[in-house]
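# Chains, contacts and geometry: an overview
The primary structure of each chain is shown beneath.
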Amino acid sequence: MVTISLCMIVKNEENVLKRVLGQMKGIVDEIIVVDTGSTDRTKAVAAEYADQVYDFIWRDDFAAARNFACGKATMDYWMWLDADDVITDAEREKLFRLKQELDTSADVVMMRYQTGFDETGRVTFSYWRERLLKNHAGFRWEGRVHEAVTPKGNIVYSNISVEHRKVGAGDPDRNLRIYETMIREGEPLDPRAQYYYGRELFYHERNGDAECVFRNFLREPRGWSENKIEACILLARCLERMGRNEEREKAIFASFSYDVPRAEACCEIGRCRMEQERYPEAAWWYQRALESERGGEGGGFSAEGFYGFIPAIQLCVCYDRMGDREQALHYHRLSAKYRPDSPTVTQNERYFLMTGLEGDV
């Protein structure tokens, strides 16, 4: 059985830290908590569970803090979690089995990171993350913000998922502030940082600035294709906000040059066609989205709704607008299979009942 060091960096997490440490106690063989400047009882809570608790002077560099924490690990592998992550009982059992069965030739174990949830708790957004890494194998965190470790060697994709259940808003300006400090101080942004800087600008609705950063990133010969696909879609949304709809569609189509068309991009084109009341074309694109498969191992971000629910419910609308009520009802029923408790599904069910078509949801 392999041994695992859990390595965490924390700050002012007294409200959630006990939850994750309690879930991991008895599964991992060592818990290392590095505090980056808490002013609450975070360190006291950590001391109840952790084998080692350290202080680290915060300097706006997540990678530096994580490297400090992971450098203290003494077991075969080290694992990272955030304080507001959750390991359910089912995933905890899977992790315990992984410890028993993992071939020591594995260098990295990838796990699904579930970071978005709807009102019923259903996962809406997830992606793969390097979660368990062989100790003393040269793995290092990189990136002052959105830090990551580049997987290499024998990479294993597990069926284990970690939930990110954030409590509170945090500091919404922190990441953007760090990136702009880096720029002001003359520190170059690598392609990955350019992509994430563009995302932060987009979230802050600085659309012109985001457009510039995304276009520069897309001209960059380096950079992960998954980030470039997402950058095309976010660029399109910036252009939409600025009323530049013709350029918006070109940006979406540009994403096809990096891989097979993704459901997210097909839905964006479908939405453009719906806004233009070109419903047959919109339906064609939503059908392509419905037929799309999520990226497998090594894939990027996955917004679950685009792979089923969203294209189904939009196809319902398209066919209703085209006067094909039977097809509209067919896609309504399909959308209900994906999310039977969706308020939109309930509203559509009432609509079909009122117009004399039985939904049978």
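Chains are numbered independently. Their residues run from 1 in the order of the written sequence. Reporting in this predicted model follows two pLDDT cut-offs: at least 70 for local features of residues, and 80 or more for side-chain atom pairs to be given and counted; totals over whole chains, interfaces and linings ignore these cut-offs and use all residues. Calculated side-chain values reflect all of the structure's heavy atoms, with hydrogen atoms and water omitted.

### Points about the overall build of the protein
Looking only at helices and strands, the protein has 14 helices and 11 strands in total. C-alpha atoms define the radius of gyration, and 2.2 Å times the number of residues to the power 0.38 defines the globule rule. The C-alpha atoms of the protein give a radius of gyration of 23 Å, which matches the 21 Å a tight globule of 361 residues would have. Projected onto its principal axes, the C-alpha positions of the protein cover 65 × 50 × 40 Å. Burial here depends on accessible area, computed with a 1.4 Å probe over protein chains only, as a share of the maximum for the residue type. Under 20% is buried, over 50% is exposed, and the range in between is partly exposed. Buried positions account for 52% of the 361 residues belonging to the protein. Considering only contacts in the protein between residues 6 or more positions apart, those separated by 24 or more positions represent 66%. Computed over 50 positive and 61 negative side-chain charges, the separation of the two mean positions in the protein equals 2 Å. The secondary structure listing takes helices from DSSP runs of H or I that are at least 4 residues long and strands from runs of E that are at least 2 residues long, numbered from the N terminus. Contacts: residue pairs with any heavy atoms within 4.5 Å of one another. Under this rule, positive means Lys or Arg and negative means Asp or Glu; His and the chain ends count for nothing. Every charge is mapped to an atom, namely NZ of Lys, CZ of Arg, CG of Asp or CD of Glu.

### Regarding the packing of aromatic side chains
Classification of ring pairs rests on two measures: the distance between centres of Phe, Tyr or Trp rings, Trp counted by its six-membered ring, which must be within 6.5 Å, and the angle between planes, read as stacked under 30 degrees, edge-to-face over 60 and tilted in between. In this structure the tally under the stated criterion is 19 aromatic pairs. Between W80 and W141, the aromatic rings sit 5.5 Å apart at their centres with planes inclined by 85 degrees, giving edge-to-face as the arrangement. Here W80 is found in strand β4 (residues 77-80), whereas its partner W141 is found in strand β8 (residues 141-142), with 61 residues between them in sequence. When its relative accessible area of 3% is taken as the criterion, W80 is described as buried. Clustering of aromatic rings is evident, with ring pairs tying together W78, W80, Y113, F125, Y127 and W141.

### Some words on the pattern of salt bridges
Salt bridge, as used here: a side-chain nitrogen of Lys or Arg that lies within 4 Å of a carboxyl oxygen of Asp or Glu. Tallied over the full model, the rule gives 33 salt bridges. Among the ionic pairs, K99 bridges to D29, the shortest N-O distance being 2.9 Å. Placement of K99 in helix α4 (residues 89-101) and of D29 in the loop between α1 (17-24) and β2 (30-35) is noted, with a sequence separation of 70 residues between them. One salt bridge in this structure joins R288 and E291, with 3.0 Å as the shortest N-O distance. Here R288 and its partner E291 are both found in helix α11 (residues 279-291), 3 residues apart, which amounts to about one turn of the helix. Looking at E291, the relative accessible area reads 48%, which means it is partly exposed. What emerges from the salt-bridge pattern is a single network uniting R237, E240, R248, E268, R271 and E275.

### Quick look at unusual backbone geometry
With the exception of glycine, the majority of residues adopt a negative phi angle, and the majority of peptide bonds are in the trans configuration. Backbone geometry at H136 places phi at a positive 60 degrees, although glycine is not the residue there. Tracing the sequence through the fold places H136 in the loop between β7 (123-134) and β8. Positioned with a positive phi, E277 is a non-glycine residue whose angle comes to about 60 degrees. Among the secondary structure elements, E277 is positioned in the loop between α10 (263-275) and α11. Under the relative-accessibility criterion, E277 is labelled exposed at 58%.

### Quick word on helix α14 (residues 343-354)
Owing to its 3.6 residues per turn, the α-helix aligns residues three or four sequence positions apart on the same side. Helix span, expected: 1.5 Å multiplied by one less than the number of residues in the helix. Compared with an ideal rise of 1.5 Å per residue, which puts 12 residues at 16 Å, α14 spans 17 Å between its outermost C-alpha atoms and is within 8% of the ideal. Every buried residue of α14 is accounted for by V345, N348, E349 and F352. Looking down the long axis of α14, one finds its buried residues gathered within 105 degrees of arc, a one-sided arrangement. Opposite the buried face of α14, by more than 90 degrees, sit the exposed residues P343 and M354. If you follow the buried residues of α14, they end up packed against α12 (309-321) and α13 (325-338). A side-chain oxygen of the first residue of α14 lies 3.2 Å from the backbone nitrogen of T344; this N-cap is S342. At the C-terminal side of α14, G356 shows a positive phi close to 90 degrees. By arc we mean the arc of the directions from the helix axis to the C-beta atoms, nothing more. As used in this structure description, the phrase polar contact means that two N or O atoms lie within 3.5 Å; if the pair is within protein, one of them must be able to donate a hydrogen and the other to accept it, and residues adjacent in sequence are counted only when both atoms belong to side chains.

### Description of the pairing of β7
Taken across its 12 residues, β7 has 9 buried, putting it largely inside the fold. For two strands to count as paired, DSSP must find a minimum of two bridges between them. Pairing between β4 and β7: 3 bridges, direction antiparallel. Across the sheet, the residue bridging to W78 is L133, located in β7. Looking at chain direction, strand β6 (residues 108-117) and β7 are connected through 9 bridges and run antiparallel. Residue pairing across strands places F117 opposite V123, the latter belonging to β7. In the sheet, β7 pairs with strand β11 (residues 302-303) via 2 bridges, with the strands oriented antiparallel. Bridging from a neighbouring strand, S126 pairs with S302 of β11.

Treat this as a map of the structure, not an account of what it does.
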